[in-house]
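Results of the structural survey
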Amino acid sequence: VTDEWWEVFSYRGVIGAAVLYFLAMLAYFFELAGLRSAPKEEQEGAVGAQAVLVAPPRTAVAARLGLVLTGFAVAVHLAALVARGLAADPNRVPWGNMYEFTISGTFVVALIFVLSTLRIDIEWLGPLVTTFVVAALMAAFLGLDDTVLPLPDALNSPWLVIHVVAAVISTGAFTVGALLSGLYLAKARSTSTTGYLARVPDLKVLDRLSYRMHAFGFPVWTFAVLITGPIWAHQAWGAYWNWDPKEVWAFITWVVYAAYLHARATAGWRGRNAALLALVGAATLWFNFIGINFFSSSSQHSYAEGAAPETSVVVGLAGPVEAAEEVGVVVGSDHART
Amino acid sequence: VTDLQPDLRHRPSDDRQATALPPDLNARELARWSWRQLTSMRTALVLLLLLALASIPGSVIPQENIDSLAVSQWRDNHPRLAPIWDRLDLFNVYGSVWFSAIYILLMISLVGCIIPRLFVYARAARARPPKAPRHLSRLPESTSYTTDEAPEVVLDRAAKALRRKRFRVDAGDDSVDAERGHLREAGNLVFHLAVIVVLVGVAVGSLFGYKGGVIMLNGEDYGFSNNLTQYDDFAPGALFDPDVMEPFSFSITDFEVEWLTEGERAGMAREFVAELAYETEPGGETKAYDLRVNHPLSIGGTDVFLIGHGYAPVITIRDGDGEVAYSGPSVFLPTNAQTFESFGVIKAPDASPAQIGLEGTFYPTFAMGRDADGNLTMPASVFGDAFDPLVSLFVYTGDLGLDDGTPASVYVLDKAKATQVVEDDGQPFRMDLRPGDTVTLPDDLGTVSFDGLQRWNKIQVSRSPGKMVALAGVVLALLGLLGSLFIRPRRLWVRARRQDDGTTLVEVARLDRSSAGDPEDGAAEMDDVVAALQGRTTKEDES
């Protein structure tokens, strides 16, 4: 089996997974439509607006189908990720560029969702998760599609595995947390007694679940950004903290989520304010992943090169030196930023 | 009932927010009021968010100590804004007064918040569980059952079961009072103290450490020994002492790089290896080390990194008298990170009859570019490896500005008083040399030969003393964080009373004191305790 075969396999796997997520999304939407059109008596049978509505059998089947399809999609998604790593020569982890990070990040989001359904009642989040994953995968295909390249030397380190696994897992957890917080804000404004928002659990539960996702994500993010990141930076770049734009934004994300946890724990900011802070955190997280590439070209996180504006010279790292003398090429961190 | 107040969550600092400004303040009251404001939770939160906000400019505006070239380009492009940015320290955000002010205030706030809490915790850590409230059934999580067993038997069993579950247990008159999860606050305190440890580590590194860079030609003839004079650039900390510099020395015996020549990845370089021969002290044993990206060489507390590479054409200039006025490799600096097209300068101030300066471009793999119509356009390098090296030079003569003793960059030719050598038709004289070529200069100035090609590496040497302290601090912070997030402090009471009909009423109540207690977990724990009281076992006990 050749590398090309694996690469094609991986592309088809991601497309297949995207189709399955899409079908799962349709099943969930069908379920929602079923709830909306359910007989009025049935809905009034439930006590109060917060009560869980009893779904008629057909819609229950649709919900089940949605979850099963999502599960299958996650399996295919995983196979596509593994194939992506096998497509590289030499074989490597599939975390070399933005496309690969996106398909990995969406995988973790879907995986966290599926695993959570085993332990807690969170199936109602299915429509949001599948919609998000389908949208992100489409964006990855349209905007970030990239061929398999061998890793630049700077990325070629065991820390790639540790650092990126932690970053991707926490990104997935924060993203699910942000979906929950968004849902919280939407539900807090809504007075509807039917439809999706009426079906999701009450605000208290949303708030608590969102907090739990963040409480899980934050230590992992700390590990990724403030422990493995600096250790690796020290090995690859010669300084453990360089105020690299990606570092700065990872730090900003950390500070915002620290403020979120702090606000919840001590200032008693629950509900709306906490949800807003969580969304701000998610915004900084995703801006760091995609947005900052358009603003700054000096990042040494070379996987982001695709979106970086043109510069003719890569400047050496060491200290404040006269500009002309400072022009030295950075080994291995990048091959094609020009 | 006051026991039920979640006093740890209701920390002393919270009260301060409510403190109104007294009408007449003397200096002492003002100071006290300011201190309370500064150390309040809300201020800490605002400062945290301010810190995030203040970090943003540094990620979008080029920073002097990160990319000074980009800063000078930015200055050229924005002549009006640059002075304003300068005044606001926007080219040096992370060293600016306002950024420092935020994190110093944050640290003061943190210390001011932590110290009182340490005392509170020291008392709480030894505190016994509070007495059972009078009406257990009024607590949000409570249950009860009746049994024929004597109250003493039930209470005894409750105390044993709760101790086994690692509760802190006290026996009351008709109740058992238990509490668990004191370590949550400990984790919280450890986290905050660890943040201070991290800052101390970082501060030590930036005050006492140093970072320097040197461009080193390959070959045993070109050694480096670790002292100030040997560096091309050097950035010491404010309290740096040159005596701490370890007296090692090294040379680069060989440099290898693998260029990919086919496929989508063609043109990319990988597997950079600089073979070092180093001595940890003068006269010491010479050891070898393969210096690679991600694999720095550590000597004592100092690390040596491979940062860059490039070409140094070996050029010999003979002057009009036939004497060698210059001979050796000259470092050319890459202007293109992929093709390694490089720019360089060679100066021969001792040439006679006139000084000779050369300036031009080195192409590792030379080719003429073609425009859309197929016409030859600009010369270019098409590959980073030296497949077809060519150096293209312009010649200057006259005063190169080296005689008055002012320091001049070896990478810049001072053309102020020099004249460019031109052809008979007035076009600038240009020579294109491949290795082995020799060109005779016009006007009997002499000859220039391209003898061969050398390589150079950019090496970074850095010493950041506090780095292990900082690392230990972050790890400690993470452990504290885990404790403060996942340890759930809770209280549990069991009361058993003989009723008039001779049976015993057993009441169990639980109070979750964490910020995100899970009702299901709480219910499970209650079930568990009740099961233990009734002598049943549950799944949790078996596992």
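Residues numbered from 1 in each chain as written. Chains lettered and ligands numbered in written order. Predicted model: local features only at pLDDT ≥ 70, side-chain atom pairs only at ≥ 80, totals over all residues. Heavy atoms only, no water.

**Quick word on the overall build of chain A**
Here is the rule we go by: Segments assigned H or I by DSSP are reported as helices when at least four residues long, segments assigned E as strands when at least two residues long, and all are numbered from the N terminus. Burial classes follow relative accessibility: with a 1.4 Å probe on protein chains only, a residue under 20% of its type's maximum area counts as buried, one over 50% as exposed, and anything between as partly exposed. Any pair of residues with heavy atoms lying within 4.5 Å of one another is described as a contacting pair. Only the protein chains shown count as covering a residue, and every accessible area follows the Shrake-Rupley method with a 1.4 Å probe.
For chain A, the count of helices and strands is eleven helices and zero strands. Counting from the amino terminus, helix and strand elements in chain A follow one another as α-α-α-α-α-α-α-α-α-α-α. When the 338 residues of chain A are sorted by exposure, 61% land in the buried category. Within chain A, contacts between residues at least 6 apart in sequence are counted, and of these 77% link residues at least 24 apart. Total accessible area on chain A is roughly 13100 Å²; 67% of this is exposed by carbon and sulfur atoms.

**Describing the pairing of strand S24 (residues 504-512) of chain B**
Residues and elements named next belong to chain B. Filter applied, for reference: Should DSSP find at least two bridges between two strands, the strands are taken to pair.
Of all nine residues that make up S24, eight are buried, and the element is covered over most of its length. Judged from the seven bridges that link them, strand S1 (residues 141-147) and S24 form a sheet pairing that is antiparallel. Along S24, the bridge assignment pairs Thr147 with Thr504. Summarising the sheet, strand S23 (residues 490-498) and S24 pair through nine bridges and their orientation is antiparallel. Within the sheet, the bridge partner assigned to Arg491 lies in S24 and is Leu511. Hairpin connection, S23 to S24: the antiparallel pair is bridged by five residues, and Gly502 has positive phi, about 95 degrees.

**Description of helix H3 (residues 41-60) of chain B**
Every α-helix winds through 3.6 residues per turn, so residues three or four apart in the chain are directed the same way. To be explicit about the condition: One fewer than the residue count of a helix, multiplied by 1.5 Å, yields its expected span.
Here H3 of chain B spans 30 Å end to end across 20 residues, near enough to the 28 Å set by a 1.5 Å rise per residue. What H3 of chain B keeps buried is the set Met41, Ala44, Leu45, Leu47, Leu48, Leu51, Ala52, Ala54, Ser55, Pro57, Gly58 and Ser59 of chain B.

**Focus: the nonpolar core**
Counted only if it meets this: To define a nonpolar core, start from buried Ala, Val, Leu, Ile, Met, Phe, Trp, Tyr and Cys residues and group those joined through side-chain atoms within 4.5 Å.
Counting residues in hydrophobic clusters, the biggest one holds 66 residues, and the most contacted among them are Phe218, Trp221, Trp254, Val255 and Tyr260 of chain A together with Leu51 of chain B. The dominant element in this core, judged by the number of residues it contributes, is helix H9 (residues 245-267) of chain A, at 14 residues. Ignoring sequence-local partners within four residues, the contact set of Tyr260 of chain A consists of Ser210, Tyr211, His214, Ala274, Leu277 and Ala278 of chain A. Membership of the second largest hydrophobic core comes to 60 residues, among which are Leu32, Leu67, Trp95 and Trp232 of chain A.

**Brief notes about a negative patch on the surface**
All names here are of chain B. The line we're drawing: To count toward a patch, a residue needs a relative accessible area over 30% and no salt bridge; like charges are then connected within 9 Å, while nonpolar side chains (Val, Leu, Ile, Met, Phe, Trp, Tyr) are connected within 5 Å. Whenever a carboxyl oxygen of Asp or Glu lies within 4 Å of a side-chain nitrogen of Lys or Arg, that contact is scored as a salt bridge. Charge assignment: positive for Lys and Arg, negative for Asp and Glu; neither His nor the chain ends contribute. Every charge is mapped onto a representative atom, which is NZ of Lys, CZ of Arg, CG of Asp or CD of Glu.
On the surface, Glu423, Asp424, Asp425, Asp443 and Asp444 cluster together to form a negatively charged patch. Note on placement: Asp443 falls in the loop between strand S21 (438-440) and strand S22 (446-463). When its relative accessible area of 62% is taken as the criterion, Asp443 is described as exposed.

**Details of the packing of aromatic side chains**
Residue and element names in this part refer to chain B. Counted only if it meets this: Two aromatic rings, drawn from Phe, Tyr or Trp (for Trp, its six-membered ring), form a pair once their centres lie within 6.5 Å of each other, and the interplanar angle then sorts them: stacked below 30 degrees, edge-to-face above 60, tilted otherwise.
Using the criterion set out here, one finds 36 aromatic pairs over all chains in the structure. The interplanar angle of 85 degrees and the centroid separation of 5.8 Å between the aromatic rings of Trp259 and Phe340 together place this pair among those described as edge-to-face. Of the two residues, Trp259 sits in strand S7 (residues 249-259) while Phe340 sits in the loop between strand S13 (333-334) and strand S14 (342-348), which places them 81 residues apart along the sequence. This pair shows no difference in class: Trp259 is buried, exactly as Phe340 is. Taken together, the ring pairs connect Tyr210, Phe224, Tyr231, Phe234, Phe240, Phe248 and Phe250 into an aromatic cluster.

**What about the side chain of Glu7 of chain A?**
All names here are of chain A. Within the secondary structure, Glu7 is located in helix H1 (residues 3-36). The buried charged residue Glu7 lacks any salt bridge, with Arg84 as its nearest oppositely charged partner at 4.7 Å. When near neighbours in sequence (up to four residues on either side) are disregarded, Glu7 contacts Ala87, Thr147 and Val148.

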